[in-house]
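Residue-level structural notes
In case you want the letters, here they are:
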Amino acid sequence: MPVRVAESSTPSQVSGTNSGDTSPPACTLLSVGQFTKEEAWRVNVRIQGCDLKHGYLCGTMEALNVPMADTPVVTFWEGEIVDTKNYTFYTGKWEASPEDDKRHWTKFPSFSPLLSQVEVDGGKSLDLCNYPYIFMRWKEQYFVNVGTDCGLTIVGFYYVCFSCSDGSISGFYYDPNSSPFQKLELKSTNEGRSGFSFSSYELQ
């Protein structure tokens, strides 16, 4: 759910990760805090499915305490895993040009070593199997429980980076009609659980 975001810090958790699999697991739960410039609300994100063979994942986002809505707003989203086989770093849709893609991907320091090859062929020749970061795009598809007059928009999508080493997730929202580079950061802490638990989020 796009937001002209300020800053927040709230707990969240990811559970169910297989210790031998560094990819985002199915059935994980993330909670994030989100602020607009004028109003604030919390968002729960649930990753409900992950198909690495086809570079696909999906889930739901639930925005709580949205000032314009009488009920939590739930959306269904689908994601693309940039694996250079099913999807490359070039989006090719959603009003994102190759230049838009590069501007957003280069916001992630972990993308820097890949940039030169991406400029050549979109990264098609890269082998990302053992790369310590997983790049994705998350696109909300439709509102689950409310109409389009709920006060939120799902026109844009998220550029996402998952760290295989510490479970942190960073993201940037893109919508040509919204404020640029709305940022999401999840920082993980190890609390003895399987998988990762997230102690803080920052959106700005």
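As the structure is a prediction and not an experimental result, all values here were calculated from the model.

Examining unusual backbone geometry
For W94, which is not glycine, the phi torsion reads 55° and is therefore positive. The residue W94 is located in the loop between β5 (73-81) and α1 (98-105) in this model. The residue E95 is not glycine, and still its phi comes out positive at about 65°. Judged by relative accessible area, E95 falls into the exposed class, the value being 57%.

Describing the nonpolar core
Formed by 17 residues in total, the largest nonpolar core has its most connected members in F89, W105, F108, F111, L114 and F135. Put simply, the parts of the chain that give this core at least two residues each are β7 (157-163) and β8 (169-174). Other than its neighbours up to four places away in sequence, F89 contacts V82, D101, W105, F111, L114, V118, G122, L126, L128, F135 and R137. The next biggest cluster of nonpolar side chains, apart from the first, holds 15 residues, and it includes M61, I81, I134 and F162.

Topic: the packing of aromatic side chains
Applying the stated criterion across every chain, the model contains 18 aromatic pairs. Judged by centre distance (6.4 Å) and plane angle (25°), the ring pair of W105 and F111 falls under stacked. In terms of burial, W105 and F111 fall into one category: buried. Judged by centre distance (5.1 Å) and plane angle (65°), the rings of F108 and F172 are edge-to-face.

Structural notes on the pattern of salt bridges
Any two side chains of opposite charge can pair, so long as their charged atoms come close to each other. Under the criterion given, the structure shown has four salt bridges. Between E80 and K93 there is a salt bridge; the shortest N-O distance is 2.5 Å. Here E80, found in strand β5, pairs with K93, found in the loop between β5 and α1; they are 13 residues apart in sequence, far enough to count as distant. We note a salt bridge from D100 to R103, for which the minimum N-O separation is 2.4 Å. Of this pair, D100 and R103 both sit in helix α1, three residues apart, which is roughly one turn of the helix. A relative accessible area of 11% means that D100 is categorised as buried. Several salt bridges converge on common partners, so that one network encompasses E80, K93 and R137.

Some remarks on the side chain of R137
Note that R137 resides in strand β6 (residues 133-143). Polar contacts involving the side chain of R137 include one to the side chain of T91, which spans 3.5 Å.

What to know about the pairing of β5
The side chains of a regular strand alternate, residue by residue, between the two faces of the sheet. Burial analysis of β5 places eight of its nine residues in the buried class, which makes it a mostly covered element. As defined by bridge partners, strand β4 (residues 56-64) adjoins β5 across eight bridges and the pair is classed as antiparallel. Along β5, the bridge assignment pairs Y56 with E80. Relative to β6, β5 is paired through seven bridges, and the arrangement is antiparallel. What sits directly across from G79, in β6, is W138.

Things to note about the environment of H104
Tracing the sequence through the fold places H104 in helix α1. Between the C-alpha atom of H104 and that of Y159, which follows or precedes it by 55 residues, the distance is 7.1 Å. Apart from residues no more than four positions distant in its own chain, H104 is found in contact with Y159, F172, Y173, Y174 and F181.

Some remarks on the confidence of the model for the protein chain
Scored by pLDDT, the protein chain has a mean of 74; 69% of the residues are at 70 or more. Predicted confidence is poor over residues 3-40, with pLDDT under 50, and the contacts of this stretch with residues over four places away or in other chains come to 129 contacts. Across residues 196-204 the pLDDT falls below 50, and counting only partners more than four positions away or on other chains, this stretch makes 69 contacts in the model.

Quick notes on α1
Among the residues of α1, those classed as buried are D100, D101, K102, H104 and W105. Buried residues along α1 sit against α2 (115-121), β6, β7 and β8.

Quick notes on the rules
Residues numbered from 1 in each chain as written. Predicted model: local features only at pLDDT ≥ 70, side-chain atom pairs only at ≥ 80, totals over all residues. Heavy atoms only, no water. Helix = DSSP H or I, 4+ residues; strand = E, 2+ residues; numbered from the N terminus. Buried < 20%, exposed > 50% of the residue type's maximum accessible area, 1.4 Å probe, protein only. Core = buried A, V, L, I, M, F, W, Y, C linked by side-chain atoms within 4.5 Å. Contact = heavy atoms within 4.5 Å. Phe/Tyr/Trp six-rings, centres within 6.5 Å; stacked < 30°, edge-to-face > 60°. Salt bridge = Lys/Arg side-chain N within 4 Å of Asp/Glu carboxyl O. Polar contact = N/O pair within 3.5 Å; in protein donor to acceptor, adjacent residues only side chain to side chain. Pairing = 2+ DSSP bridges. pLDDT = per-residue confidence, 0-100.

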